Amino acid sequence: SETGANRPQNTRPLALFPGKEGPALLQDFVPRVESDIRLIKDEGIVITVKNHGLTAQCEGSKLSMADGKMVTTLLNLGGAYCTMCTKDQKECQRVSVIEGGFLIDRSVESIGQLALALQHPDTGDIIKKKGDYKQRAGVCGQPITEDDMTKHIPVCHAKIRVFDFVMEVIRRELSHQKWYTPTNGVVYTKEEKELYKSTGEQLKEKMKKGLGINIADPGDMVTGAAFQSFSSDFARSFLCSMLDHDKQEMFSEILLGLCTLVKVINSQKRKVDVDRVRVLGQLVYLQLVQLFPWIVISPSVHRILAHSWEVILHNDCCGLGNQSEEGLESLNHYIRDMRSGGARKDSTLHNFTDTYNHLWDRSRPVIVQMERIIKRRPIKLKASTEIEAMVESMFIEEEGQ
């Protein structure tokens, strides 16, 4: 199907594992997959149709639908602030650096070469020292993958991380206005910790009552309809009203810019005006560090503001929605149901085999068409007309469109 490619019905799992995607598991599994991909690219796949053999050629492949944690693990950048550039967190928040712009200066090849240079000649371990970020750039070992994941932004998680970041900024602004990192030496008093805790409870109650969003429930991720509510005009006004009056106007612009960038990143087919995306990201970045001098930009938000324009440029100037991990993440719900109610339980192997077969069956086009219409949660708040207008201005109108 050309539409709804990221629906869970259209997503086929490559494998199921009874555990999390740790380094050991990925180290064992990913090279096997990439070896098969190379074989398919060289020899193709023979398909028999009515006793006639056809050979399907694979021009190439791209690893996508990975979240930030998996990207960090695959690239072995556990000590890095950003998986795309070699700058550290402090450097990324200097006004002069932001005004100069950011470029993706990492690659799988450069990470592998640096890891090789840092290895101990006898043990093969990476030599780590305190304050060695300039030399090591967060590299902890050889990349697990051959795919260049340095040019990947987790599309679905962009909504979640932006929402979480905004909530954290408001919470800290209303409490102690501090943000600890291992390098800034911030210390919280007992009173500040109590104030931070109580502010969080108050914020949770306000969000639930005002926007119908439960920020404390890990199963209620802010995607789809919830993010639509979060990016509405009413929500922006509601969130800005929590801050001091002299900060509300700039904070409203920050929210507008963040939501616009996330929506553009989630687009799929239309051409994006990359220069406007770059300028908007730079503007929001500057506003954040100027309005909140104590702030620490999270790596996820840094990627969106600083590097999304370049990733879109590498994607033929189209949004990244076709690489979204949303359908794959949605499968977790179906997998839990199938494992408990539609699969044998005499062994893990039988349980996973039945679940795997169910997932492949339900992804067949005939069954997808037969499946009932998915019920969606009603959107309580209308989409922001200002955000939608801003999003529309980020696209390039093609001839005849």
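Calculation rules
- Residues numbered from 1 in each chain as written.
- Predicted model: local features only at pLDDT ≥ 70, side-chain atom pairs only at ≥ 80, totals over all residues.
- Heavy atoms only, no water.
- Helix = DSSP H or I, 4+ residues; strand = E, 2+ residues; numbered from the N terminus.
- Core = buried A, V, L, I, M, F, W, Y, C linked by side-chain atoms within 4.5 Å.
- Buried < 20%, exposed > 50% of the residue type's maximum accessible area, 1.4 Å probe, protein only.
- Contact = heavy atoms within 4.5 Å.
- Patch = residues over 30% accessible without salt bridge, like charges linked within 9 Å, V, L, I, M, F, W, Y side chains within 5 Å.
- Areas by Shrake-Rupley, 256 points an atom, 1.4 Å probe, with all protein chains shown as cover.
- Salt bridge = Lys/Arg side-chain N within 4 Å of Asp/Glu carboxyl O.
- Phe/Tyr/Trp six-rings, centres within 6.5 Å; stacked < 30°, edge-to-face > 60°.
- Lys NZ or Arg CZ within 6 Å of the ring centre and 35° of its normal.
- Axes fitted to C-alpha atoms, helices over the stretch in contact; angles between N-to-C directions.
- Parallel < 35°, antiparallel > 145°, perpendicular 65-115°, else oblique.
- Left-handed = near helix turned anticlockwise from the far one by under 90°.
- Nonpolar A, V, L, I, M, F, W, Y, C, P; charged D, E, K, R; others polar.

## Details of the environment of Ala389
Part 1 of the argument: Looking at where Ala389 falls in the secondary structure, it is placed in helix H17 (residues 385-393).
Part 2 of the argument: Expressed as a C-alpha distance, the spacing of Ala389 and Thr260, which sit 129 residues apart in the sequence, is 9.3 Å.

## Quick notes on the nonpolar core
Part 1 of the argument: One finds Val166, Met207, Phe230, Leu239, Tyr285 and Ile295 to be the most contacted residues of the largest nonpolar core, which totals 88 residues.
Part 2 of the argument: It is helix H11 (residues 245-265) that contributes the most residues to this core, ten residues altogether.
Part 3 of the argument: Each residue touching Met207, except ones within four places of it in the same chain, is listed here: Phe163, Met167, Gly212, Ile213, Ile215, Phe238, Leu239 and Met242.
Part 4 of the argument: Counting six residues, the second largest nonpolar core, distinct from the first, contains Leu16, Leu331, Met338 and Phe352.

## What about unusual backbone geometry?
Part 1 of the argument: The phi dihedral of Met65 is positive, around 55 degrees, even though this residue is not glycine.
Part 2 of the argument: For Met65, a relative accessible area of 25% translates into the label partly exposed.
Part 3 of the argument: Positive phi, close to 60 degrees, is recorded for Asp316, a residue that is not glycine.
Part 4 of the argument: Tracing the backbone shows Asp316 in the loop between helix H13 (299-314) and helix H14 (326-341).
Part 5 of the argument: Accessibility expressed as a relative area gives 52% for Asp316, which makes it exposed.

## Thoughts on a nonpolar patch on the surface
Part 1 of the argument: Where nonpolar side chains cluster on the molecular surface, the patch consists of Ile45, Ile47, Val49 and Leu54 and spans about 320 Å² of accessible area.
Part 2 of the argument: Note that Val49 resides in strand S1 (residues 45-49).

## Let's talk about the packing of aromatic side chains
Part 1 of the argument: Applying the stated criterion across every chain yields a total of ten aromatic pairs.
Part 2 of the argument: Ring centres of Phe163 and Phe230 lie 5.1 Å apart, and the angle between their planes is 80 degrees; this geometry places the pair in the edge-to-face category. With a gap of 67 residues between them, Phe163 in helix H7 (residues 155-174) and Phe230 in helix H9 (residues 225-230) connect regions that are remote in the sequence. Judged on exposure class, the residue Phe163 and its partner Phe230 are both buried.
Part 3 of the argument: The interplanar angle of 35 degrees and the centroid separation of 6.3 Å between the aromatic rings of Tyr356 and Trp360 together place this pair among those described as tilted. Separated by four residues within a single helix, Tyr356 and Trp360 lie in helix H15 (residues 348-362), roughly one turn from each other.
Part 4 of the argument: Among the aromatic side chains, those forming a connected cluster through ring pairs are Phe165, Trp179, Phe251, Phe292 and Trp294.
Part 5 of the argument: Directly above the aromatic system of Tyr196 lies the positively charged group of Arg171, at a separation of 3.8 Å from the ring centroid.
Part 6 of the argument: The ring of Trp179 has Arg172 sitting right over it, with the charged end atom 4.5 Å from the ring centre.

## What about the packing of H7 against H13?
Part 1 of the argument: The N-to-C vectors of H7 and H13 enclose an angle of 115 degrees; their axes lie 9 Å apart at closest approach. Classified by the interaxial angle, the pair formed by H7 and H13 is roughly perpendicular. Handedness of the crossing formed by H7 with H13: left-handed. Between H7, through Ala158, Arg161, Val162 and Phe165, and H13, the contact on the second element is made entirely by Ser300, Val301 and Ile304.
Part 2 of the argument: Of the residues assigned to the contact of H7 with H13, the class counts are five nonpolar, one polar and one charged.

## Topic: the environment of Gly112
Part 1 of the argument: Tracing the sequence through the fold places Gly112 in helix H5 (residues 108-118).
Part 2 of the argument: Owing to a relative accessible area of 11%, Gly112 belongs among the buried residues under this scheme.
Part 3 of the argument: With 37 residues separating them in the primary sequence, Gly112 and Leu75 have C-alpha atoms 8.9 Å apart.
Part 4 of the argument: Once you skip the residues sitting within four places of it in the chain, Gly112 turns out to touch Gln142 and Pro143.

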